[in-house]
Amino acid sequence: MADAAATAGAAGSGTRSGSKQSTNPADNYHLARRRTLQVVVSSLLTEAGFESAEKASVETLTEMLQSYISEIGRSAKSYCEHTARTQPTLSDIVVTLVEMGFNVDTLPAYAKRSQRMVITAPPVTNQPVTPKALTAGQNRPHPPHIPSHFPEFPDPHTYIKTPTYREPVSDYQVLREKAASQRRDVERALTRFMAKTGETQSLFKDDVSTFPLIAARPFTIPYLTALLPSELEMQQMEETDSSEQDEQTDTENLPLHISPVRRQGTSQGCGEGTAGKVAHPGRQGKKASGGGE
Amino acid sequence: MPPTGSDPARMNRKKGDKGFESPRPYKLTHQVVCINNINFQRKSVVGFVELTIFPTVANLNRIKLNSKQCRIYRVRINDLEAAFIYNDPTLEVCHSESKQRNLNYFSNAYAAAVSAVDPDAGNGELCIKVPSELWKHVDELKVLKIHINFSLDQPKGGLHFVVPSVEGSMAERGAHVFSCGYQNSTRFWFPCVDSYSELCTWKLEFTVDAAMVAVSNGDLVETVYTHDMRKKTFHYMLTIPTSASNISLAIGPFEILVDPYMHEVTHFCLPQLLPLLKHTTSYLHEVFEFYEEILTCRYPYSCFKTVFIDEAYVEVAAYASMSIFSTNLLHSAMIIDETPLTRRCLAQSLAQQFFGCFISRMSWSDEWVLKGISGYIYGLWMKKTFGVNEYRHWIKEELDKIVAYELKTGGVLLHPIFGGGKEKDNPAPHPHFSIKHPHTLSWEYYTMFQCKAHLVMRLIENRISMEFMLQVFNKLLSLASTASSQKFQSHMWSQMLVSTSGFLKSISNVSGKDIQPLIKQWVDQSGVVKFYGSFAFNRKRNVLELEIKQDYTSPGTQKYVGPLKVTVQELDGSFNHTLQIEENSLKHDIPCHSKSRRNKKKKIPLMNGEEVDMDLSAMDADSPLLWIRIDPDMAVLRKVDSEQADFMWQYQLRYERDVVAQQEAISALERFPTPASRLALTDVLEQEQCFYRVRMAACFCLAKIANSMVSTWTGPPAMKSLFTRMFCCKTCPNIVKTNNFMSFQSYFLQKTMPVAMALLRDVHNLCPKEVLTFILDLIKYNDNRKNKFSDNYYRAEMIDALANSVTPAVSVNNEVRTLDNLNPDVRLILEEITRFLNMEKLLPSYRHTITVSCLRAIRVLQKNGHVPSDPSLFKSYAEYGHFVDIRIAALEAVVDYTKVDRSYEELQWLLTMVQNDPVPYVRHKILNMLTKNPPFTKSMESPLCNEALVDQLWKLMNSGTSHDWRLRCGAVDLYFTLFGLSRPSCLPLPELGLVLNLKEKKAVLNPTIIPEAIAGNQEAAVNPSSHTQLVGFQNPFSSSQDEEEIDMDTVHDSQAFISHHLNMLERPSTPGLSKYRPANSRSALIPQHSAGCDGTPTTKPQWNMELPRKGTGKEQPPLEMSVHAAAAAPLSVFGKEPASSKHSEHHHHHHHEHKKKKKKHKHKHKHKHRRDGRERGRGPLAFPSPAGGRSARSPSLSD
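Bear in mind that the values here come from a model prediction, so they are computed numbers and not experimental data.

### Thoughts on the overall build of chain B
Part 1: A count of helical and extended segments in chain B gives 37 helices and 33 strands.
Part 2: A buried classification covers 63% of the 1199 residues belonging to chain B.
Part 3: Long-range pairs, those at least 24 residues apart, make up 73% of the contacts in chain B with a sequence separation of at least 6.
Part 4: Carbon and sulfur atoms make up 54% of the accessible area of chain B, which amounts to about 42,800 Å² in all.

Right, here's the structure in full:
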């Protein structure tokens, strides 16, 4: 629904507000649009000679109208993307309407019909504000040789170089320390998470949480996991030695029906490149384990 | 391709002693094996064999073949139906209701049973009668074609099915099957002459699913699709005469790789492993080239196939033109440690292709020649590939192994001759098994046997030079090649068999040297030599007085007489002396060359010509001796304990260039914990030029010395600063460099040092905190991202190091171990182990080395009382479905737990696994581990030792392991370790000496007592003729089939199973009849065994001629009752019954006996009318003897 609404909004009003930033303005926006559409429907009904209408029918018609407009928007977007553009043009809309079985030729006449009601644009109550975080510092004024209609300078932090006075951490020892503890934390968190979420074994009968061991699970084909290098190792191989190229591709193409656990592990533990991914379950795991301790 | 009708026997005779006298009255020339259906779901195989044989005696009227487990439907000779009897005494060695429980009795019975079916004694389980129509044909020595239809259902040995339980077709699941076994075990999967000495050409056909590949011996002639295109038939042709024992088969959805260097070589592996296969086999061609070059002989077969399969029986199994390997040998380029091991396996199997497969042996007593030669040329390959140091190190290792084994358990005899009158009555060094037959040997003994064989070959090489040695091999090979190309002259094929005498003759022909004394010493005799050397320097005479004593009275030793080399390093150089060791001379005077006055500043020449500066301040000012080595070339199979001063050992370690000498010095220095030793060891450890294995050994020695000197030790813990210097960052010494394993030598050192360091102990006998922190830091800062190689072995060793650092927990009045009282150091260790073990689940390491180490470490923590002792974790890891290394590690822990906690439950669990585990390797290993680390021994009182256990183990070795020779021998080993040779002490004494045989109305000796008397009789044990008596006496014919309706699992391989099914099929046959054969032999000591099996037609009337047996039911319809009625008194059919009935209350818990009795009664009435019908049809002469081949010969029945 939210998605449809966003598309409809884009097609209908042509503006894409920053509704994603928070949920409340989006709701407001939604309500406002709804209201506008209701007004439109009501005026059309009035135009058609109705004096009153049940709420439900108005709602239904609103819904239909909204769907219709959404569909126009969606199709128009597709057509425009089809021609490798990002902004729909009039012809996109026209093609869309034609495609939807609408006789475009009648449209100018309809638009100029005499008895039409003019609805005032809804008051823009809360123009979504661009979030503060993105603007930092004072935008630099244009130098004299740049005409003023040119876009403004971007925020200074995007181009200004400030020399730092504190040495970045390049000390080998600290780096190694950091890398080691980071990896250790990640591993610990990840394994704890796995242990929390799955079956475990314990070395102490009275305590199952301090040293949780992920339960041993037999494989149907144990030698595959034991012998084949993991994806992580393959990746390392690639980095350290490119002469083994063909061998790797062979292995990578293997159908992986080995074990879901392993695949998960390999994709998550892929060192720094995917550290973010690893951290995600890790965080939860830490939270959970922190509670346990 | 039948050869011409020449008479091989006559040919043999002509050639005299060198020729081969076949023990069989016929010559096999060609065999067809056709397996037309393999069902992976049911694990069954259906097929036929066709043997082309030429009789060599005129009156051949029965043909004995080997067959086990196979269900035989039908036998035809030259298209005529032939009667046959199937009888396998090894199914149940001793009577199940016998109360006899002493091992002496068992091993005699077992040896007798094995030789009763030994093809090399002309015997076999399957005895086929030549139809009388063909007698004339036979008398003309004309060809016979024996056609046998057989099937195999859920084989427990011989063929191993691996069927993973996942979704998909069999091919998608990676299901495969392969042949396996110990020594000649081909009889387990098709009927054949299962002897290494019966060669013939082969045609092999296997029809398999179209997605599968069948790999077998010889050339793939063609593959033909069946009409429905669902299946393919692989036709293999092996034109080089080969023994059945060298025939193999592997079927599976293999990925195929044609060797890029040698197109005649093809590699096969299981799905998805192709990249590993490529890497692993990329080296093989070099091994080929090496062997072909040294042997100056082409690889004898036209093709070679390597197959890598899962759940392998042994890591390497060589068969004719094909080797079967464990899939676990495959590795990627990132793995360091496995690479040399795998290459060694490949080289080993290839060496056996030449000697073992192509050249076969005449008899078991010639096995040492084959194992010796293949091991020896494999050693040459090692020398060339890994260098002289590695080779010498390996030789020393092997020598130490064999010496340790022989001294511990008794001698290893390479060339057992039987029946020969000489002093062969060597008081049997291995009382609990017979060495007369490969199938009765303990596996450990067999490994040691192979080890000794190649060492002895090396001794021969020392004597006659390598050049001659290779000439001899070349001669053997070229003779064999010539013989093998004689397609139609089967009598020539015996040239492809090697015998001890033939081999020795070749040696003397080629070299002109007499090596008889050497052979007598090491081949015909068992035992090793134990030298004690000590010396004194006589300053006045400038003579070294060397005293060499020998211990030749301890078991496993022998006296050495002959030359012995001694190398003396003096100040002026190194000098070799050859001493003559004689009966009574102990002291030897060796003149010294150098004056004891030391020439300062003069370099000292070493053995290899190198001249070095030495700091001579440590040595004795009066003596010019730096060090002395006794037998430096390992030219004697010996153990040398020589006494030298500590500084001499130190000099030897520092300056002697031979790695063996260095290692000897290291092990000697353990006894001298002094700062000087420390310095010497540290220097060696640091020396880059020094052989890495020596440096590794120095690590452990240093740790030991440091512990002995703990109170006076100064400076940081041993090796720490060294490790820091070698492997840690310059700027921050507590952080290890990121891994770079390009230099393998430093890699191995880096792995080993922490493990050794963890053995350090402080004054409180705890691992120093500093060391533990150091190891934990190594783990923490371990970084393998930039490394080309995997660090899994390294990390595993770090865990081993952690485990080594664990010391026993201080226990306050046996409190229960909980988390709260956990030692903080242990907490850190446990933290690491937990993390590693858990990470293994997500990112498994190669061969799960880390899991293995973690499991071991956890067991160490349990054993030291830090963590509650509990086997459940290990039991879960020991389950089928884990990688085999993990399982073994877990099982080892359970075995250890069983011992420490004396847990009956775990012992039972282990024994159940021995019987039921799908992987034979695991079954063997459990028995082996239990034997190595027994829960109790014969000299120990233990609550575990009770009658039920005795019975259980007895049953295991008696009948539960008949499908696997090695397993049975393993069970025997265990039984021996637990209970010793005689009757286990926990058994009650047999109460009754005499048993009244009610049926026969006579008294017999209680069977639990008699055999003891017999077993005590050494004559009976040694003399083969009395063996036959013993067989008869013990009545080794099985009754295990009694359980058939109750326990289908134990019956699959038994005759009962076969007969059972035959009867279901309502097929006429005899095998089943051997069931319930009269147990006459028990009560009456009549030597009856094999009396009539030499081909004389005396017992003809007994033979069953395809009786139209109307199977009345599913019950095994044995005819014993009819026989019982017919065979009157003297040989009671149920001689055994009275014994058991007498003891019936006593036996009540032996349910199998109980069942048996019941069952017999059940059969009784059934057979009454059965017999009637039969007699109507055939008359008394034709009724099949229920005793199978054996009672057939008993006089009472043939009357």
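### Points about the overall build of chain A
Part 1: For chain A, the count of helices and strands is eleven helices and two strands.
Part 2: Counting from the amino terminus, chain A carries its helices and strands in the arrangement α-α-α-α-α-α-β-β-α-α-α-α-α.

### Focus on the interface of chain B and chain A
Part 1: Taken together, the contacts link 72 residues of chain B with 60 residues of chain A.
Part 2: Approximately 5,800 Å² of surface area, both sides summed, lies buried where chain B meets chain A, with 63% of it carried by carbon and sulfur atoms.
Part 3: Here chain B is connected to chain A by five salt bridges.
Part 4: Between Glu187 of chain A and Arg835 of chain B there is a salt bridge whose closest N-O contact spans 2.4 Å.
Part 5: Run the count over chain B and chain A and you get 13 residue pairs in polar contact (both at pLDDT 80 or more).
Part 6: Taken together, the elements giving at least two residues each to the side of chain B that touches chain A come down to α4 (274-281), α18 (769-781), α20 (824-842) and α22 (872-877) of chain B.
Part 7: With eleven residues, α20 of chain B is the single largest residue contributor to the side of chain B that touches chain A.
Part 8: In terms of residue class, the side of chain B that touches chain A is built from 33 nonpolar, 22 polar and 17 charged.

### Looking at the side chain of Ser942 of chain B
All names here are of chain B.
Part 1: Inspection of the secondary structure assignment puts Ser942 in the loop between α25 (920-932) and α26 (947-960).
Part 2: The exposure class assigned to Ser942 is buried, which follows from its relative accessible area of 12%.
Part 3: Within the local environment of Ser942, its side chain forms a polar contact with the backbone nitrogen of Leu944, the two atoms lying 3.0 Å apart.
Part 4: Setting aside anything within four residues of it in sequence, one finds Ser942 in contact with Arg902 and Phe936.

### Overview of the pattern of salt bridges
Part 1: As enumerated under the stated definition, the model contains 58 salt bridges over all chains in all.
Part 2: Between Arg188 of chain A and Glu831 of chain B there is a salt bridge; the shortest N-O distance is 2.6 Å. With Arg188 of chain A in helix α6 (residues 172-197) and Glu831 of chain B in helix α20, this pair bridges two chains.
Part 3: Classification of Arg188 of chain A by relative accessible area gives partly exposed; the value is 24%.
Part 4: Judged by its relative accessible area of 24%, Glu831 of chain B is partly exposed.
Part 5: Salt bridges linked by common partners bring Arg183, Arg184 and Glu187 of chain A together with Glu832 and Arg835 of chain B together as one network.

### A word on the pairing of strand β1 (residues 26-39) of chain B
All names here are of chain B.
Part 1: Among the 14 residues in β1, eleven count as buried, and that is most of the element.
Part 2: Bridge analysis of β1 against strand β2 (residues 44-55) gives twelve bridges, and the strand direction is antiparallel. By the bridge assignment, Lys27 is partnered in β2 with Phe54.
Part 3: Linking β1 back to β2 in an antiparallel pair, the connection comprises four residues, with Lys43 at a positive phi of about 55°.
Part 4: Examined bridge by bridge, β1 and strand β11 (residues 199-209) share six bridges and lie parallel to one another. Bridged to Ile35 within β11 is Phe206.

### Quick look at helix α2 (residues 103-116) of chain B
Residues and elements named next belong to chain B.
Part 1: A rise of 1.5 Å per residue sets the reference length of α2, with its 14 residues, at 20 Å; its end C-alpha atoms lie 19 Å apart and thus fit the reference within 8%.
Part 2: Burial runs high along α2: twelve of the 14 residues are buried.
Part 3: Buried within α2 we find Leu103, Tyr105, Phe106, Ser107, Asn108, Ala109, Tyr110, Ala111, Ala112, Ala113, Val114 and Ala116.
Part 4: The backbone nitrogen of Asn104 lies 3.1 Å from a side-chain oxygen of the residue at the head of α2, namely Asn102.

### Focus on the UniProt feature "domain: Bromodomain associated" (unreviewed entry) in chain A
Part 1: Mapped onto the present numbering, the UniProt feature "domain: Bromodomain associated" (unreviewed entry) falls at residues 29-106 of chain A.
Part 2: The straight-line gap between the two end C-alpha atoms of residues 29-106 of chain A is 32 Å; of that span, 76% is helix and 0% is strand.

### A look at the side chain of Ser195 of chain B
Residues and elements named next belong to chain B.
Part 1: Among the secondary structure elements, Ser195 is positioned in the loop between β10 (176-179) and β11.
Part 2: A polar atom in the side chain of Ser195 sits 2.7 Å from the side chain of Asp120.
Part 3: Ignoring anything within four residues of it in the chain, the contact list for Ser195 reads Arg24, Pro119, Asp120, Asn184, Ser243, Ala244 and Ser245.

### A short note on the domain arrangement of chain B
Part 1: Under the domain assignment, chain B is made up of domain 1 (24-87 + 124-252), domain 2 (270-338 + 349-357), domain 3 (364-418 + 425-521), domain 4 (533-635) and domain 5 (716-849 + 863-867).
Part 2: With centres defined by C-alpha atoms, the gap from domain 2 of chain B to domain 4 of chain B works out at 45 Å.

### Points about the sheet that holds strand β27 (residues 587-591) of chain B
All names here are of chain B.
Part 1: Spatially, the four strands line up as an open sheet ordered β27-β24-β23-β31, and their pairing is mixed. The open sheet is flanked by β27 and β31 (638-642), the only strands paired with a single partner. The mean angle between the axes of side-by-side strands here comes to 25°, regardless of whether they run parallel or antiparallel.
Part 2: Direction of pairing for strand β24 (residues 543-550) relative to β27: antiparallel, over a ladder of five bridges. Bridge assignment links Leu546 to a residue of β27, and that residue is His588.

### Brief notes about the confidence of the model for chain A
Residue and element names in this part refer to chain A.
Part 1: Of all residues in chain A, 66% attain a pLDDT of 70 or more, and the chain-wide mean is 71.
Part 2: Predicted confidence is poor over residues 1-22, with pLDDT under 50, and the contacts of this stretch with residues over four places away or in other chains come to 23 contacts.
Part 3: Low pLDDT, under 50, characterises residues 242-293; the predicted model gives this stretch 67 contacts beyond four residues in sequence or across chains.

### Remarks on the confidence of the model for chain B
Residue and element names in this part refer to chain B.
Part 1: On average, residues of chain B carry a pLDDT of 81, and 78% of them reach 70 or more.
Part 2: Overall, residues 1-18 carries pLDDT values under 50, and its contacts beyond four positions in sequence, including any with other chains, amount to 32 contacts.
Part 3: Below a pLDDT of 50 lies the segment residues 419-427, which in the model reaches five contacts outside its immediate sequence neighbourhood of four places, other chains included.
Part 4: In the predicted complex, the global pTM is 0.74; the interface-specific ipTM is 0.75.

### Re the packing of aromatic side chains
Residues and elements named next belong to chain B.
Part 1: A complete count under the given rule lists 49 aromatic pairs over all chains for this structure.
Part 2: Aromatic side chains Phe433 and Tyr445 sit 5.4 Å apart centroid to centroid with 70° between the ring planes, which places their arrangement in the edge-to-face category. A residue pair is termed long-range when its members are at least 10 positions apart, and Phe433 in the loop between α7 (367-409) and α8 (443-464) and Tyr445 in helix α8 qualify at twelve residues.
Part 3: Phe433 sits in the buried class, given a relative accessible area of 6%.
Part 4: For the pair Phe531 and Tyr560, a centre-to-centre distance of 6.1 Å together with 90° between the ring planes defines the contact as edge-to-face. Taken together, the residues Phe531 in strand β23 (residues 529-538) and Tyr560 in the loop between β24 and β25 (562-570) connect sequence positions 29 residues apart.
Part 5: By the ring-pair criterion, three or more aromatic residues cluster together here, those being Phe288, Phe290, Tyr291, Tyr299, Tyr301, Phe304, Phe354 and Phe358.
Part 6: Note that Arg966 overlies the ring of Tyr313, its terminal NZ or CZ placed 5.7 Å from the centroid.
Part 7: Sitting over the ring of Trp443, Arg966 keeps its end group 3.6 Å from the ring centre.

What counts, and where the lines are drawn
Positions within a chain are numbered from 1, following the residues in the order the chain's sequence is written. Chains carry letters from A onward and ligands carry numbers from 1 onward, assigned in written order. Predicted model: local features are reported for residues with pLDDT of at least 70 only, side-chain atom pairs are reported and counted for 80 or more only, and whole-chain, interface and lining totals are derived from all residues. The side-chain quantities take in all heavy atoms of the structure and omit both hydrogens and water. We count a stretch as a helix when DSSP gives it H or I for four or more residues in a row; a strand needs E for two or more, and each element gets its number in order from the N terminus. Exposed residues in this analysis have more than 50% of their type's maximum accessible area, buried residues have under 20%, and partly exposed residues fall in between, with area computed by a 1.4 Å probe over protein chains only. Two residues form a contact once any of their heavy atoms are found within 4.5 Å. The Shrake-Rupley method, run with a 1.4 Å probe sphere, supplies the accessible areas, and residue values consider only the shown protein chains as cover. What gets called buried area is simply the loss in accessible area from a 1.4 Å probe that two parts show on being joined, summed for both. Salt bridges are identified by distance alone: a Lys or Arg side-chain nitrogen within 4 Å of an Asp or Glu carboxyl oxygen. Two N or O atoms form a polar contact when they lie within 3.5 Å of each other; inside protein one atom must be a possible hydrogen donor and the other a possible acceptor, and for residues adjacent in sequence the pair counts only when both atoms belong to side chains. Throughout, the ten residues Ala, Val, Leu, Ile, Met, Phe, Trp, Tyr, Cys and Pro are labelled nonpolar, Asp, Glu, Lys and Arg are labelled charged, and all others, Gly among them, are labelled polar. In this scheme, strands are said to pair when DSSP sees at least two bridges between them. Each helix should span, by expectation, one fewer than its residue count multiplied by 1.5 Å. UniProt positions are given in the numbering used here, feature names are shortened, and annotations may be inferred rather than shown by experiment. In this entry, domain limits derive from an automatic or database-based domain assignment. Geometry is summarised by axes, namely lines fitted to C-alpha atoms with helices restricted to the contacting stretch, and by angles between N-to-C directions that run from 0 to 180 degrees. Think of pLDDT as the predictor's per-residue confidence, scored from 0 to 100. Any pair of Phe, Tyr and Trp rings, taking the six-membered ring for Trp, is counted once the centres come within 6.5 Å. Such a pair is stacked with planes under 30 degrees apart, edge-to-face with planes over 60 apart, and tilted for the rest. Here, a charge over a ring means that NZ of Lys or CZ of Arg falls within 6 Å of the ring centre while also lying within 35 degrees of the ring normal.

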